[in-house]
Amino acid sequence: MQIIKSLKNWIEGFENVDSIVEETKLSLDFYKEELVTEAEVDENYANALKKVEELELRNMLRREEDRLGAVLKINSGAGGTEGQDWASMLARLYQRWCEAHNYKVTITNWQDGDEAGIKTATLQIEGDMAYGFLKSENGVHRLVRVSPYNAQGKRMTSFASVFVVPLVDDTIEIEVNPANISWDTFRSGGAGGQNVNKVETGVRLRYMYTDPDTKEEREIIIENTESRSQLNNRENAMRLLKSQLYDLELERRRKAQASIEDSKLKIEWGSQIRSYVFDDRRVKDHRTNYQTSDVNKVMDGEIDDFIKAYLMEFGGGE
């Protein structure tokens, strides 16, 4: 059913574009006969261009993992309270983006900061091609602003890391060795009074595995506090584990292909990808050089132009 749905989307997308292009051609003929105005021709042309570009953008998302949902994890970096506030602002940004695109968002882990903001948050995003779009956000995001938490009113620089992996579904088989799993339980944080805080419903999954390339022992740690049921949290933690293992396998395949190894713009954990400079009214992506002065819109989740610039430049190469 998923394959049929995907093919149907492509066919409908093509038919829609084909129809709009034909209407644009007709409007030009009508203009020559003075049946429509120049403004109407321009409007039809702009609409046709937009629809063609949307289809081209989808064509950049043709890897098997691009169609999946996404697990997006945000960690506050350098900057103390300011850094934790910045991490919460990014969490809000991605939640707003998901709302605008009708993606379902579930907060599977949320750890408040010491004074403000968050230390870390994990968002589970379900919907067609969520990972394909959000993979462009993988990396370090830098904020420069006059901090409300600085008594001297100084300009401060803060960092937050965004880590995005595909959310596996039932069509993907991932082998997990139960002998390598250990569990811890803890009380979930949040406003007091509810059952979620009184009982140890939060779970911490530890998974030991051997790196197939280096043969080193490694550990994956996943915390899940989404539900008041420990059983549900365990089930979701297993799903998140499979997502990370799947991402590790994809990374091995990418290295094996070596198709973009020479690219200095290769996206890796720890690379600074975008700067948000509030007092200069500027948000700039360092990979594509795309920038905008509308900081407020970006912080409200309007990042489609950044995603598009990245995918149109690097999507085909990947």
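Predicted, not measured: the structure shown is a model, and the values here were computed from it.

Another point: unusual backbone geometry. The residue Glu34 is not glycine, and still its phi comes out positive at about 60°. Counting through the fold element by element, Glu34 comes out in the loop between α1 (2-32) and α2 (38-59). Look at Met129: it is not a glycine, yet its phi comes out positive at around 65°.

A few words on the sheet that holds strand β7 (residues 202-210). Sheets are built from strands paired through backbone hydrogen bonds, the pairs being either parallel or antiparallel. Ordered in space as β6-β7-β8, the three strands form an open sheet in which the pairing is antiparallel. Both edges of this open sheet fall to β6 (181-186) and β8 (217-224), since each of them pairs with a single strand only. Along the sheet, successive strands turn relative to each other by an average axial angle of 20°, direction set aside. Summarising the sheet, β7 and β8 pair through eight bridges and their orientation is antiparallel. For Thr210, the partnering residue across the bridge sits in β8 and is Glu217.

In this structure, the second largest pocket encloses a volume near 590 Å³. Along the wall of the second largest pocket there are 25 residues; nearest its centre are Gln2, Arg67, Leu68, Asp128 and Asp169. Those elements that provide at least two residues to the lining of the second largest pocket are α1 and β3 (118-126). The biggest single contributor to the lining of the second largest pocket is α1, with six residues. When its residues are assigned to classes, the lining of the second largest pocket shows nine nonpolar, six polar and ten charged. Here the lining of the second largest pocket gathers at least three residues from each of two domains, domain 1 (1-60) and domain 2 (70-170 + 266-315).

The subject of this paragraph is the packing of aromatic side chains. Any aromatic ring pair is given by two values, namely how distant the centres are and how the planes are angled relative to each other. In the structure shown here, the tally under the stated rule is four aromatic pairs. For the ring pair Tyr290 and Phe306, a centre distance of 5.0 Å and an interplane angle of 90° mean the geometry is edge-to-face. Here Phe306 lies in helix α8 (residues 304-315) and Tyr290 lies in the loop between β10 (282-285) and β11 (291-292), a separation of 16 residues in the sequence. A relative accessible area of 28% places Tyr290 in the partly exposed class.

Cut-offs applied
Residues numbered from 1 in each chain as written. Predicted model: local features only at pLDDT ≥ 70, side-chain atom pairs only at ≥ 80, totals over all residues. Heavy atoms only, no water. Helix = DSSP H or I, 4+ residues; strand = E, 2+ residues; numbered from the N terminus. Pairing = 2+ DSSP bridges. Axes fitted to C-alpha atoms, helices over the stretch in contact; angles between N-to-C directions. 1 Å grid on protein atoms, 1.4 Å probe; cavity = no way out; pocket = protein on both sides within 12 Å on 5 of 7 lines; lining within 4 Å. Points joined across faces, edges and corners; volume = space filled by probe spheres on them. Nonpolar A, V, L, I, M, F, W, Y, C, P; charged D, E, K, R; others polar. Domains from an automatic or database assignment. Phe/Tyr/Trp six-rings, centres within 6.5 Å; stacked < 30°, edge-to-face > 60°. Buried < 20%, exposed > 50% of the residue type's maximum accessible area, 1.4 Å probe, protein only.

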